[in-house]
Amino acid sequence: MGVGIEEPTTAGRMSGERFRLFQEGRPDHERWELVGGVAMMMTPPTIAHNRIAGNLERLLNDALASHDQSRIAMQRPGIELGSGEFRPEPDVAVIDAEYEPDQRFVERAYLLAEIVSATDDTRVPATEKKWIDVKRTIYLAHAACEAVLIIEQDRMEVRLDARTPSGWNSQTLGGSEELKLPAFGLQCAVADLYEGTPLQPRRRKRPA
(Lines give C-alpha, C1' and ligand atoms only; values in the text may rest on other atoms or scores of the structure.)
Protein backbone atom coordinates (compact mmCIF):
# COMPACT_ATOMS: atom_id res chain seq x y z
CA MET A 1 0.00 0.00 0.00
CA GLY A 2 1.49 3.34 -1.06
CA VAL A 3 -0.07 6.59 0.05
CA GLY A 4 -0.17 9.30 -2.59
CA ILE A 5 -1.31 12.90 -2.69
CA GLU A 6 -4.98 13.88 -2.88
CA GLU A 7 -5.90 15.84 -6.00
CA PRO A 8 -7.17 19.41 -5.51
CA THR A 9 -10.53 18.43 -7.06
CA THR A 10 -11.15 16.01 -4.16
CA ALA A 11 -10.55 18.55 -1.38
CA GLY A 12 -12.80 18.10 1.65
CA ARG A 13 -14.61 15.01 2.81
CA MET A 14 -16.45 12.89 0.26
CA SER A 15 -19.39 10.56 0.62
CA GLY A 16 -19.09 7.02 -0.70
CA GLU A 17 -21.54 7.81 -3.52
CA ARG A 18 -19.66 10.92 -4.60
CA PHE A 19 -16.37 9.04 -4.45
CA ARG A 20 -17.66 6.27 -6.74
CA LEU A 21 -18.80 8.88 -9.27
CA PHE A 22 -15.38 10.54 -9.08
CA GLN A 23 -13.63 7.17 -9.38
CA GLU A 24 -15.61 6.19 -12.50
CA GLY A 25 -14.34 9.31 -14.23
CA ARG A 26 -10.68 8.54 -13.59
CA PRO A 27 -8.41 6.54 -15.96
CA ASP A 28 -8.34 2.79 -15.30
CA HIS A 29 -4.64 2.82 -14.43
CA GLU A 30 -5.22 5.11 -11.44
CA ARG A 31 -5.87 3.48 -8.07
CA TRP A 32 -7.95 5.50 -5.62
CA GLU A 33 -9.25 4.72 -2.14
CA LEU A 34 -11.62 6.57 0.17
CA VAL A 35 -10.50 6.36 3.80
CA GLY A 36 -12.21 8.48 6.42
CA GLY A 37 -13.92 10.56 3.73
CA VAL A 38 -10.59 11.49 2.11
CA ALA A 39 -9.86 10.38 -1.46
CA MET A 40 -6.29 9.17 -1.83
CA MET A 41 -4.49 8.20 -5.02
CA MET A 42 -2.19 5.28 -4.27
CA THR A 43 1.32 5.34 -5.68
CA PRO A 44 2.33 2.46 -7.98
CA PRO A 45 3.49 -0.50 -5.88
CA THR A 46 7.02 -1.89 -6.02
CA ILE A 47 7.85 -5.12 -7.81
CA ALA A 48 8.44 -6.80 -4.44
CA HIS A 49 5.01 -5.62 -3.27
CA ASN A 50 3.37 -7.10 -6.35
CA ARG A 51 5.29 -10.34 -5.95
CA ILE A 52 4.14 -10.79 -2.35
CA ALA A 53 0.55 -10.03 -3.34
CA GLY A 54 0.76 -12.52 -6.19
CA ASN A 55 2.21 -15.20 -3.92
CA LEU A 56 -0.55 -14.73 -1.34
CA GLU A 57 -3.26 -14.74 -4.00
CA ARG A 58 -1.88 -17.97 -5.50
CA LEU A 59 -1.44 -19.73 -2.15
CA LEU A 60 -4.97 -18.83 -1.10
CA ASN A 61 -6.55 -19.90 -4.39
CA ASP A 62 -4.66 -23.20 -4.37
CA ALA A 63 -5.94 -23.86 -0.84
CA LEU A 64 -9.50 -22.73 -1.57
CA ALA A 65 -9.69 -24.92 -4.66
CA SER A 66 -9.84 -27.98 -2.42
CA HIS A 67 -11.17 -26.40 0.78
CA ASP A 68 -14.00 -24.07 -0.30
CA GLN A 69 -14.75 -23.42 -3.97
CA SER A 70 -17.42 -20.87 -3.09
CA ARG A 71 -14.62 -18.37 -2.39
CA ILE A 72 -11.72 -16.96 -4.39
CA ALA A 73 -8.74 -14.74 -3.66
CA MET A 74 -8.27 -11.61 -5.75
CA GLN A 75 -5.93 -8.65 -5.85
CA ARG A 76 -7.26 -5.11 -5.31
CA PRO A 77 -11.03 -5.62 -5.48
CA GLY A 78 -13.19 -2.62 -4.63
CA ILE A 79 -14.82 -3.16 -1.24
CA GLU A 80 -17.90 -1.44 0.17
CA LEU A 81 -17.02 -1.50 3.87
CA GLY A 82 -18.07 0.34 6.99
CA SER A 83 -19.68 3.76 6.76
CA GLY A 84 -19.98 5.80 3.61
CA GLU A 85 -16.56 7.33 4.23
CA PHE A 86 -14.63 4.10 3.55
CA ARG A 87 -14.10 2.57 0.11
CA PRO A 88 -10.75 0.72 0.30
CA GLU A 89 -9.03 -1.55 -2.20
CA PRO A 90 -7.08 -4.14 -0.21
CA ASP A 91 -3.97 -5.61 -1.78
CA VAL A 92 -5.54 -9.09 -1.57
CA ALA A 93 -9.00 -10.19 -0.46
CA VAL A 94 -11.01 -13.39 -0.35
CA ILE A 95 -14.47 -12.81 -1.77
CA ASP A 96 -17.40 -14.84 -3.12
CA ALA A 97 -16.47 -16.85 -6.21
CA GLU A 98 -19.65 -15.87 -8.07
CA TYR A 99 -19.80 -12.34 -9.49
CA GLU A 100 -21.25 -10.48 -12.45
CA PRO A 101 -19.16 -9.95 -15.62
CA ASP A 102 -19.11 -6.16 -15.20
CA GLN A 103 -18.98 -6.11 -11.38
CA ARG A 104 -16.37 -3.80 -9.85
CA PHE A 105 -17.20 -3.80 -6.13
CA VAL A 106 -18.28 -6.31 -3.49
CA GLU A 107 -19.98 -5.90 -0.14
CA ARG A 108 -18.46 -8.95 1.58
CA ALA A 109 -14.85 -9.94 2.08
CA TYR A 110 -13.74 -12.86 4.23
CA LEU A 111 -10.01 -12.11 4.33
CA LEU A 112 -8.38 -8.72 3.85
CA ALA A 113 -4.64 -8.26 3.41
CA GLU A 114 -2.37 -5.23 3.08
CA ILE A 115 1.33 -5.19 2.19
CA VAL A 116 3.19 -2.30 3.82
CA SER A 117 6.71 -0.92 3.71
CA ALA A 118 8.78 1.50 5.77
CA THR A 119 8.01 4.29 3.29
CA ASP A 120 4.23 4.03 3.70
CA ASP A 121 2.45 6.80 5.61
CA THR A 122 5.48 9.11 5.47
CA ARG A 123 3.18 12.03 4.61
CA VAL A 124 0.88 11.40 7.58
CA PRO A 125 1.74 13.56 10.63
CA ALA A 126 2.74 11.64 13.75
CA THR A 127 -0.30 13.05 15.57
CA GLU A 128 -2.67 11.35 13.14
CA LYS A 129 -3.53 7.68 13.00
CA LYS A 130 -1.68 5.94 10.18
CA TRP A 131 -3.69 4.97 7.14
CA ILE A 132 -2.88 1.30 7.62
CA ASP A 133 -4.17 1.46 11.20
CA VAL A 134 -7.38 3.09 9.98
CA LYS A 135 -7.85 0.40 7.35
CA ARG A 136 -7.13 -2.40 9.82
CA THR A 137 -9.74 -0.97 12.19
CA ILE A 138 -12.47 -0.93 9.52
CA TYR A 139 -11.46 -4.39 8.30
CA LEU A 140 -11.85 -5.80 11.81
CA ALA A 141 -15.27 -4.15 12.06
CA HIS A 142 -16.50 -5.79 8.84
CA ALA A 143 -19.02 -8.46 9.88
CA ALA A 144 -18.05 -10.97 7.18
CA CYS A 145 -14.29 -10.70 7.76
CA GLU A 146 -12.60 -13.75 9.32
CA ALA A 147 -8.94 -12.75 8.99
CA VAL A 148 -6.82 -9.64 8.45
CA LEU A 149 -3.18 -9.79 7.34
CA ILE A 150 -0.69 -6.92 7.52
CA ILE A 151 2.39 -8.11 5.63
CA GLU A 152 5.70 -6.27 5.85
CA GLN A 153 7.42 -5.80 2.50
CA ASP A 154 10.90 -5.01 3.84
CA ARG A 155 11.22 -7.89 6.30
CA MET A 156 9.62 -11.30 6.81
CA GLU A 157 6.88 -10.43 9.25
CA VAL A 158 3.11 -10.87 9.20
CA ARG A 159 0.57 -9.52 11.65
CA LEU A 160 -2.42 -11.86 11.71
CA ASP A 161 -5.82 -11.03 13.20
CA ALA A 162 -8.07 -14.10 13.21
CA ARG A 163 -11.68 -14.09 14.31
CA THR A 164 -12.52 -16.65 17.01
CA PRO A 165 -15.80 -17.39 18.84
CA SER A 166 -14.55 -15.22 21.71
CA GLY A 167 -13.30 -12.34 19.54
CA TRP A 168 -10.21 -11.40 17.57
CA ASN A 169 -6.90 -13.14 18.22
CA SER A 170 -3.81 -11.18 17.13
CA GLN A 171 -0.28 -12.46 16.66
CA THR A 172 2.89 -11.46 14.85
CA LEU A 173 4.70 -14.14 12.86
CA GLY A 174 8.32 -14.18 11.71
CA GLY A 175 9.89 -15.74 8.65
CA SER A 176 10.66 -19.06 10.38
CA GLU A 177 7.06 -19.52 11.53
CA GLU A 178 3.95 -20.91 9.84
CA LEU A 179 0.90 -18.99 8.72
CA LYS A 180 -2.19 -21.02 9.53
CA LEU A 181 -5.59 -20.01 8.17
CA PRO A 182 -7.85 -23.03 8.73
CA ALA A 183 -10.96 -21.14 7.62
CA PHE A 184 -9.37 -20.93 4.16
CA GLY A 185 -7.57 -24.28 4.13
CA LEU A 186 -4.17 -22.60 4.08
CA GLN A 187 -1.08 -23.58 6.03
CA CYS A 188 2.26 -22.36 4.72
CA ALA A 189 5.55 -20.91 5.86
CA VAL A 190 5.62 -17.14 6.24
CA ALA A 191 8.70 -17.26 4.01
CA ASP A 192 6.53 -18.66 1.18
CA LEU A 193 4.87 -15.24 0.88
CA TYR A 194 8.26 -13.75 -0.02
CA GLU A 195 9.30 -16.31 -2.66
CA GLY A 196 10.90 -14.57 -5.61
CA THR A 197 11.61 -11.33 -3.71
CA PRO A 198 15.03 -10.08 -2.57
CA LEU A 199 14.21 -11.51 0.87
CA GLN A 200 13.64 -15.02 -0.55
CA PRO A 201 15.30 -15.25 -4.00
CA ARG A 202 14.54 -18.15 -6.26
CA ARG A 203 17.17 -20.84 -6.30
CA ARG A 204 18.72 -21.12 -9.72
CA LYS A 205 19.08 -24.58 -11.13
CA ARG A 206 22.64 -25.62 -11.86
CA PRO A 207 23.42 -26.36 -15.52
CA ALA A 208 23.34 -30.06 -16.30
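Quick notes on the rules
- Residues numbered from 1 in each chain as written.
- Predicted model: local features only at pLDDT ≥ 70, side-chain atom pairs only at ≥ 80, totals over all residues.
- Heavy atoms only, no water.
- Helix = DSSP H or I, 4+ residues; strand = E, 2+ residues; numbered from the N terminus.
- Buried < 20%, exposed > 50% of the residue type's maximum accessible area, 1.4 Å probe, protein only.
- Contact = heavy atoms within 4.5 Å.
- Areas by Shrake-Rupley, 256 points an atom, 1.4 Å probe, with all protein chains shown as cover.
- Pairing = 2+ DSSP bridges.
- Polar contact = N/O pair within 3.5 Å; in protein donor to acceptor, adjacent residues only side chain to side chain.
- Salt bridge = Lys/Arg side-chain N within 4 Å of Asp/Glu carboxyl O.
- Axes fitted to C-alpha atoms, helices over the stretch in contact; angles between N-to-C directions.

Q: How should the overall build of the protein chain be read in this particular structure?
A: For the protein chain, the count of helices and strands is three helices and 12 strands. A total of 208 residues make up the protein chain; the buried ones form 46% of that total. Sequence separation of at least 24 residues holds for 57% of the intrachain contacts in the protein chain that already meet a minimum separation of 6. Accessible surface, the protein chain as shown: approximately 11400 Å² in total, 50% of it carbon and sulfur.

Q: Whenever I open this one, the pairing of strand β7 (residues 111-116) confuses me. Can you help?
A: Within a regular strand, the side chains alternate between the two sheet faces. In terms of burial, β7 is largely enclosed, as six of its six residues are buried. Along β7, one buried face is formed by Leu 111, Ala 113 and Ile 115 and the opposite face, lined by Leu 112, Glu 114 and Val 116, is buried too. Two elements, strand β5 (residues 92-96) and β7, share three bridges in a ladder whose sense is antiparallel. The partner of Val 94 across the bridge, within β7, is Leu 111.

Q: Sorry, what's going on with the pairing of strand β11 (residues 178-181) here?
A: Side chains of β11 alternate between two faces, with Leu 179 and Leu 181 buried and Glu 178 and Lys 180 left unburied. Summarising the sheet, β11 and strand β12 (residues 186-189) pair through four bridges and their orientation is antiparallel. Looking at the pairing, Glu 178 lines up with Ala 189 of β12. If you look at the hairpin formed by β11 and β12, you'll find four residues sitting between the two strands, and Gly 185 has a positive phi there, around 70 degrees.

Q: Help me understand the side chain of Asp 161, please; the structure alone is not making it clear to me.
A: In this fold, Asp 161 is placed in strand β9 (residues 157-164). Polar side-chain contacts of Asp 161 include one of 2.3 Å to the side chain of Ser 170.

Q: What should I look at first to understand the pattern of salt bridges in this one?
A: Should their charged atoms come close, side chains of opposite charge can pair. Counting across every chain of the model gives nine salt bridges. Ionic pairing is found between Arg 71 and Glu 146, a salt bridge with its closest N-O pair at 2.8 Å. In this pair, Arg 71 sits in strand β3 (residues 71-75) while Glu 146 sits in the loop between α3 (131-141) and β8 (147-152), placing the two residues 75 residues apart along the sequence. Residue class for Arg 71 comes out buried when judged on its relative accessible area of 13%. For Arg 136, the salt bridge goes to Asp 161, with nearest N and O atoms at 2.8 Å. One end of the pair, Arg 136, is in helix α3; the other, Asp 161, is in strand β9, and 25 residues separate them in sequence. Grouping residues by exposure puts Arg 136 and Asp 161 together as buried. Overlapping salt bridges bring together Arg 51, Glu 195 and Arg 202 as one network.

Q: Honestly, the sheet that holds β3 in this entry has me stumped. Any pointers?
A: Hydrogen bonds along the backbone pair up the strands of a sheet, which may run parallel or antiparallel. With mixed pairing, the six strands of this open sheet are ordered in space as β3-β5-β7-β8-β9-β10. Across the chains shown, the open sheet's two edge strands, defined by having one partner strand only, are β3 and β10 (167-174). Sheet twist, expressed as the average angle between the axes of neighbouring strands with direction ignored, equals 20 degrees. In this structure, β7 lies alongside β8, joined through six bridges in parallel fashion. Within the sheet, the bridge partner assigned to Ile 115 lies in β8 and is Ile 151.

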